[in-house]
Amino acid sequence: MAKLLELQLQHFRNLKSYKLTFGPRLNLIAGDNAAGKTSLIEAVWALSSGRSFRTAKPQQLIQHDTSELTLFAKVEQQHQVHAIGLSRSEEKVFIKVDGEAIQTQAELASKLPVQLLTPESHRLLEEGPKARRQYLDWGCFHQSQPFINAWRHYQRALKQRNHGLKSRLPKEQIELWNAQLIETAHAIDQIREKYVEDLSPYLTEFCQALMPELTVLPECHFRTGWPKSSGTFTQVLESNFHKDLQQGHTQYGCHRADIKFRFDGQDALMKLSRGQQKLFVCALLLAQASLYEKTANEAVIMLIDDLPAELDAHHRETLLKLLQALDIQHILTSTDKALIPLLDADNAKVWQLENGQFSELLQDGCQ
Ligand SMILES: Nc1ncnc2c1ncn2[C@@H]1O[C@H](COP(=O)(O)OP(=O)(O)OP(=O)(O)O)[C@@H](O)[C@H]1O
Ligand SMILES: [Mg+2]
């Protein structure tokens, strides 16, 4: 399994300078509000993606009154240790893997594959389909090699078709892009549908483990992004051409796909309590991590920011037990120090974080 062995931070948000040596299973960072917990999770995410999940302005990550941040990680994968380094100043960013500058973001993600659960992950249920498509496509991208190519070609054809519609080019010219759009849509659709099918048993398993009180099982329904009742995608594009022209963009297609999560025919948001919704989102991400482990034969590292607050003591304990039983490395944060005695001391490491300074509270027995 992929493991983050060590993380060195310098001048990353409010985190000054520290080296953390992680345990192979559960790593808990406990601290009050504004201690720097999300910043730590953000630092690991930055090493995995080159980006932040909180800001589109990466300069904000550099500690106030300093000019450069640096992150360095040692990651073990398939019995090999890799070094990932990132440094950023106002003007420049350098990201290196094993001393070599990286060419693509995918290369970075493959060295440090992470799955992120934050309080914002709740948008998977609450918001529109965009977040669910991103969730779905993360899985498809990792599960199926042809997916990324099909997706890129689809996006290109869509952009060109939309440009043609907006510029009111002749119909024949706009329709030149239809063939590529239809072909790639078909490939994307099949991969997404299969992914949802493969994911479902994992989701059921995690829902049952986290919410044994539920008497009904989750159902995942994949929606293609065009009304199936209107015929094939080719027919949908044809019959909506004038509307598309009026609106200046392609209304239907893979870019409108969605997944619906239901219990007993009812939307998860209607059926589940707020705490259960949090657990369901957790189950969604754990299911994805488990399926990834099976297909890639490599485990992702779970980053969990703010271990779902709003859970009662019983559900928190159930979740912690489940996390500790999984053969996955977890880095999780919480404001709740009462979690510490619940941890299995042989499999956990704990730090207290105060004002950007770490102190180690519990060494795992595996060191
Ligand atoms: N570039 C920066 N330089 C220094 N401090 C920063 C920078 N960016 C943010 N901070 C500060 O870092 C502190 C820690 O923020 P962070 O969001 O990591 O806290 P947290 O422990 O996750 O808190 P909470 O429990 O409320 O989520 C905040 O006080 C924030 O103002
Ligand atoms: Mg936080």
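Our structure's up above, just so we're on the same page.
This report concerns the structure included in the present document. (Residues numbered from 1 in each chain as written. Chains lettered and ligands numbered in written order. Predicted model: local features only at pLDDT ≥ 70, side-chain atom pairs only at ≥ 80, totals over all residues. Heavy atoms only, no water.)

**Things to note about the sheet that holds strand β11 (residues 266-267)**
Neighbouring strands of a sheet are bound in pairs by backbone hydrogen bonds; such pairs are parallel or else antiparallel. Defined as follows: Two strands pair under a simple rule: DSSP has to find at least two bridges between them. Each helix is a run of H or I in the DSSP string that is no shorter than four residues. Each strand is a run of E no shorter than two, and both are numbered from the N terminus. Any two residues having at least one pair of non-hydrogen atoms within 4.5 Å are treated as being in contact. All axes here are fitted lines through C-alpha atoms, helices being fitted over the stretch that makes contact, and every angle between N-to-C directions spans 0 to 180 degrees.
Strands sit in the order β9-β10-β11 across an open sheet of 3 strands; the sheet is antiparallel. Strands with a single pairing partner mark the edges of an open sheet, and in this sheet they are β9 (218-223) and β11. With 2 bridges joining them, strand β10 (residues 258-263) and β11 adopt antiparallel strand pairing. Bridge pairing links F263 to Q266 in β11. Against the sheet, helix α4 (residues 129-143) engages β9 and β10, with an angle of about 100° to β10. Contacting β9 and β10, helix α7 (residues 178-210) crosses the sheet at an angle of about 170° to β9.

**Let's talk about the site of ligand 1**
Where we set the bar: Whether a residue is near a molecule or strand depends on its heavy atoms: it is near if one of them lies within 4 Å of it. Whenever two N or O atoms come within 3.5 Å, that pair is a polar contact, provided that in protein one can donate a hydrogen and the other can accept it, and provided that, for residues adjacent in sequence, both atoms are side-chain atoms. Accessibility throughout is a Shrake-Rupley quantity obtained with a 1.4 Å probe, and a residue counts as covered only by protein chains that appear here. Residues are grouped as follows: Ala, Val, Leu, Ile, Met, Phe, Trp, Tyr, Cys and Pro are nonpolar; Asp, Glu, Lys and Arg are charged; all remaining types, including Gly, are polar.
Residues in close proximity to ligand 1 total 16 residues, the closest being A34, K37, T38, S39 and R54. Backbone polar atom of G36 to an oxygen atom of ligand 1: 2.9 Å apart, as the coordinates give it. Take T38: an N or O atom from its side chain is 2.8 Å from an oxygen atom of ligand 1. Here ligand 1 has 650 Å² of accessible area as a free molecule, and 71% of this is covered by the chains. Considering only residue class, the shell around ligand 1 consists of 3 nonpolar, 9 polar and 4 charged.

**Some details on the side chain of N162**
Using the following cut-off: Here the term buried applies to any residue with accessible area under 20% of the maximum for its type, exposed to any over 50%, and partly exposed to those in between, with areas from a 1.4 Å probe on protein chains only.
In this fold, N162 is placed in helix α5 (residues 145-166). Overall, N162 belongs to the buried group, its relative accessible area being 19%. If we ignore the near neighbours within four places in the chain, the residues touching N162 are G248, H249 and T250.

**Describing the packing of aromatic side chains**
The test is simple: Any pair of Phe, Tyr and Trp rings, taking the six-membered ring for Trp, is counted once the centres come within 6.5 Å. Such a pair is stacked with planes under 30 degrees apart, edge-to-face with planes over 60 apart, and tilted for the rest. Remark: a charge is flagged as sitting over a ring if the NZ atom of Lys or the CZ atom of Arg is within 6 Å of the ring centre and within 35 degrees of the ring normal.
A full pass over the atoms with the stated rule returns 7 aromatic pairs. Ring centres 5.4 Å apart and planes at 75° place the aromatic pair F261 and F280 in the edge-to-face group. Here the residue F261 occupies a position in strand β10, and F280 occupies one in helix α11 (residues 274-296), the gap between them amounting to 19 residues. On the basis of relative accessible area, F261 is assigned to the buried category, the value being 5%. By relative accessible area, which is 0% here, F280 ends up buried. Ring geometry for F263 and F280: centres 5.4 Å apart, planes at 75°, overall edge-to-face. A residue pair is termed long-range when its members are at least 10 positions apart, and F263 in strand β10 and F280 in helix α11 qualify at 17 residues. Linked through ring pairs, F261, F263 and F280 together constitute an aromatic cluster. Looking at K171, its charged tip hangs above the ring of F241, at a distance of 5.1 Å from the centre.

**Observations concerning the environment of N27**
Here N27 is to be found in strand β3 (residues 26-31). Along the sequence, N27 and A348 sit 321 residues apart, while their C-alpha atoms lie 5.7 Å from each other. Those residues in contact with N27, other than ones at most four positions away along the chain, are F22, Q329, H330, I331, L332, K349 and W351. Among the polar contacts listed, one links the side chain of N27 to the backbone nitrogen of G23, at a separation of 2.7 Å.

Shape descriptors only; they carry no functional weight alone.
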